[in-house]
Amino acid sequence: MDWGSFILTEGDYLLRVIVAALCGLAIGSEREARLKKAGIRTHTIVSMAAALMVCVSKYGFFDVVHYDSVQVDASRVAAGVVTGVGFLGAGIILNRKTNITGITTSAGVWATLGIGMTIGAGMWVLGIGSTIILLVLQYVFHHTMHLVKEKKMGRMHLRVREGDAAPEQIAAALTEMQVRVISTHLSVGKDKAVEAKMDVLFPLDFDAEKLVELTRDFPEIISIDT
């Protein structure tokens, strides 16, 4: 065995996986900064795994292709990867009453898969270039919508003890403050206090002192974290 050639070849495969992981990390960082469910880890793993599987699909069966009875289709694994990521993308999309969220993140995961496959196939310029294009699209369109809506995204964690105030009443009070509640997750703690974790959009000029007023209007509120 020519160890020099072996190390160069295997090193090339490993470098493809590493570069694909870095591209996924860059895309995931942008998504996580937007408080999306699929962030750094999801995008990095998807991109890295896609590059790994394409490398196996293209180069993993060289030791058996010389047999007359063996036929290898290098595209079959790649096709299976594209099909499989559909389940992951569907899991990211959430339907809450009339609101559907996660479509852009799901599309981003799908695009990240394609980038990983591209780099795994050895098409470095196309894969890295697509990563840059995807990041630019996400950044530009997010900030365009940000300027139009004049809102900033954040999270709010409320703990409310039992009382007359229902979470819906508190949400209505937030709406009067021009704080838009995007999604809410409710749970009951050990002390029977209701915990509400909310993704919200704050006005750019939002004053945190208004949250103090909220605690005065609703004594049932134990704490508010943003």
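Everything here concerns the structure above.
Note that the coordinates shown come from a computational prediction; the quantities given were computed from them, not determined experimentally.

A.B. asks: Mind showing me how you'd approach the overall build of the chain here?
C.D. replies: Counting secondary structure elements, the chain contains 7 helices and 6 strands. Of the regular secondary structure in the chain, the N- to C-terminal order runs α-α-α-β-β-α-α-β-α-β-β-α-β. When each of the 226 residues of the chain is scored for burial, the buried share is 32%. Here the contacts in the chain between residues at least 6 apart in sequence split such that 68% fall between residues at least 24 apart. For the chain, the accessible area works out to roughly 14,100 Å², and carbon and sulfur atoms hold 62% of it.

A.B. asks: What exactly am I supposed to notice about a nonpolar patch on the surface here?
C.D. replies: Together, Ile 128, Ile 132, Ile 133, Val 136, Leu 137, Tyr 139, Val 140 and Phe 141 make up a nonpolar patch on the protein surface, roughly 750 Å² of accessible area in all. Among the structural elements, Tyr 139 can be located in helix α5 (residues 124-149).

A.B. asks: Is there a simple way to think about the nonpolar core in this case?
C.D. replies: Taken as a class, soluble globular proteins show a tendency for nonpolar side chains to be buried jointly. Core analysis: the biggest nonpolar cluster contains 17 residues, and Met 156, Leu 158, Ile 170, Leu 174, Val 179, Leu 214 and Ile 221 have the highest contact counts within it. Among the secondary structure elements, those contributing two or more residues to this core are β3 (151-160), α6 (167-176), β5 (194-203) and α7 (209-217). Examining the composition of this core, we find that 4 residues originate from one element, β5, more than from any other. With sequence-adjacent residues up to four places away left out, Ile 170 is seen in contact with Leu 158, Val 160, Leu 214, Phe 218 and Ile 221. Grouped together as the second largest cluster of nonpolar side chains are 10 residues, Ala 78, Val 85, Leu 113 and Met 117 included.

A.B. asks: Could you clarify how one ought to interpret the side chain of Thr 131 in this entry?
C.D. replies: Within the secondary structure, Thr 131 sits in helix α5. Once you skip the residues sitting within four places of it in the chain, Thr 131 turns out to touch Cys 23, Ile 27 and Ile 115.

A.B. asks: Looking at this structure, I do not really get the environment of Arg 155. What am I missing?
C.D. replies: The residue Arg 155 is located in strand β3 in this model. With a relative accessible area of 41%, Arg 155 lands in the partly exposed category. Residues Arg 155 and Thr 184, 29 residues apart in the sequence, show an inter-C-alpha distance of 9.9 Å. A polar atom in the side chain of Arg 155 sits 3.1 Å from the side chain of Asp 199.

A.B. asks: Just to check I follow, could you spell out unusual backbone geometry for this structure?
C.D. replies: Where the residue is not glycine, phi is negative for most of them; where a peptide bond is considered, it is trans in most cases. Even without being glycine, Gln 178 reaches a positive phi, approximately 65°. With relative accessibility at 53%, the residue Gln 178 sits in the exposed group.

A.B. asks: Explain the packing of helix α1 (residues 3-33) against helix α4 (residues 103-120) to me, please; I cannot follow it from the model alone.
C.D. replies: Packed helix pairs are characterised by how far apart their axes lie and by the angle those axes make with each other. The geometry of α1 relative to α4 is characterised by a closest axis approach of 9 Å and an angle of 165° between their N-to-C directions. Classed by the angle they form, the pair α1 and α4 counts as roughly antiparallel. Here the hand of the crossing between α1 and α4 comes out right-handed. Across the interface between the two elements, Arg 16, Val 19, Ala 20, Cys 23, Gly 24, Ile 27 and Arg 31 from α1 touch Thr 104, Thr 105, Thr 112, Ile 115, Gly 116, Ile 119 and Gly 120 from α4. Looking at side-chain class alone, the contact of α1 with α4 contains 6 nonpolar, 6 polar and 2 charged residues.

A.B. asks: It is not clear to me how the pattern of salt bridges should be interpreted in this structure. Could you clarify?
C.D. replies: Where charged atoms of side chains with opposite charge meet at close range, the side chains can pair. Evaluated as defined, the whole model comprises 3 salt bridges. One salt bridge in this structure joins Asp 12 and Arg 16, with 2.9 Å as the shortest N-O distance. Taken together, the residues Asp 12 and Arg 16, both in helix α1 and 4 residues apart, mark about one turn of the helix. Across the pair Asp 199 and Arg 155 runs a salt bridge, and its minimum N-O distance is 3.1 Å. Of this pair, Asp 199 sits in strand β5 while Arg 155 sits in strand β3, and the two are 44 residues apart along the sequence.

Conventions we followed
- Residues numbered from 1 in each chain as written.
- Predicted model: local features only at pLDDT ≥ 70, side-chain atom pairs only at ≥ 80, totals over all residues.
- Heavy atoms only, no water.
- Helix = DSSP H or I, 4+ residues; strand = E, 2+ residues; numbered from the N terminus.
- Buried < 20%, exposed > 50% of the residue type's maximum accessible area, 1.4 Å probe, protein only.
- Contact = heavy atoms within 4.5 Å.
- Areas by Shrake-Rupley, 256 points an atom, 1.4 Å probe, with all protein chains shown as cover.
- Patch = residues over 30% accessible without salt bridge, like charges linked within 9 Å, V, L, I, M, F, W, Y side chains within 5 Å.
- Salt bridge = Lys/Arg side-chain N within 4 Å of Asp/Glu carboxyl O.
- Core = buried A, V, L, I, M, F, W, Y, C linked by side-chain atoms within 4.5 Å.
- Polar contact = N/O pair within 3.5 Å; in protein donor to acceptor, adjacent residues only side chain to side chain.
- Axes fitted to C-alpha atoms, helices over the stretch in contact; angles between N-to-C directions.
- Parallel < 35°, antiparallel > 145°, perpendicular 65-115°, else oblique.
- Left-handed = near helix turned anticlockwise from the far one by under 90°.
- Nonpolar A, V, L, I, M, F, W, Y, C, P; charged D, E, K, R; others polar.

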